[in-house]
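Here is what each chain is made of, one letter per residue.
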Amino acid sequence: MEGIVEGEARGEARGEAKGSASQIIEIIENIMSELQCSLEKACKAAGKTVSEYRQSEQICGKV
């Protein structure tokens, strides 16, 4: 029973991380599209780093 609970908790944590990563990607891509700007400028406008964007891509399997 304990293993099931731990597995569920890990699954939920991964789901939350993927959801957050998806939001970061969506926000930055929307900024790039709307402002016709570079990834670097969009990340700066979103208050994120390019590294955070790249990590989000990895989490979501976009790379």
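Just so it is clear, the model here is predicted, and its values are computed rather than measured.

**Here we look at the overall build of the protein chain**
Helices and strands together make up the secondary structure of the protein chain, namely three helices and zero strands. Counted from the first residue to the last, the protein chain has its helices and strands arranged as α-α-α. In the protein chain, buried positions account for 19% of the 63 residues. Sequence-distant contacts in the protein chain: of pairs separated by 6 or more residues, those separated by 24 or more amount to 46%. Accessible surface, the protein chain: about 4,700 Å² in total, of which carbon and sulfur atoms supply 51%.

**Digging into helix α3 (residues 50–60)**
Where α3 is concerned, the buried positions are Y53, S56, E57 and C60. In an axial view of α3, the angular spread of the buried residues amounts to 100°, which keeps them on one side of the axis. Across α3 from its buried face, at more than 90 degrees, point the exposed residues S51 and Q58. Trailing α3 by a residue or two, G61 shows a phi angle of about 75°, which is positive.

**Considerations on the pattern of salt bridges**
A complete count under the given rule lists one salt bridge for this structure. E57 serves as the salt-bridge partner of R54, at 3.1 Å between the closest nitrogen and oxygen. Here R54 pairs with E57, and both are found in helix α3, just three residues apart, close to one helical turn.

**Comments concerning the packing of helix α2 (residues 39–46) against α3**
Direction vectors running N to C along α2 and α3 enclose 100°, while the axes themselves pass 9 Å from each other. In terms of axis orientation, α2 runs roughly perpendicular to α3. Here L39, E40 and C43 of α2 lie close against α3, whose contacting residues are V50, Y53 and R54. When grouped by side-chain class, the residues that make up the contact of α2 with α3 number four nonpolar, no polar and two charged.

Criteria and thresholds
- Residues numbered from 1 in each chain as written.
- Predicted model: local features only at pLDDT ≥ 70, side-chain atom pairs only at ≥ 80, totals over all residues.
- Heavy atoms only, no water.
- Helix = DSSP H or I, 4+ residues; strand = E, 2+ residues; numbered from the N terminus.
- Buried < 20%, exposed > 50% of the residue type's maximum accessible area, 1.4 Å probe, protein only.
- Contact = heavy atoms within 4.5 Å.
- Areas by Shrake-Rupley, 256 points an atom, 1.4 Å probe, with all protein chains shown as cover.
- Arc of directions from axis to C-beta.
- Salt bridge = Lys/Arg side-chain N within 4 Å of Asp/Glu carboxyl O.
- Axes fitted to C-alpha atoms, helices over the stretch in contact; angles between N-to-C directions.
- Parallel < 35°, antiparallel > 145°, perpendicular 65-115°, else oblique.
- Nonpolar A, V, L, I, M, F, W, Y, C, P; charged D, E, K, R; others polar.

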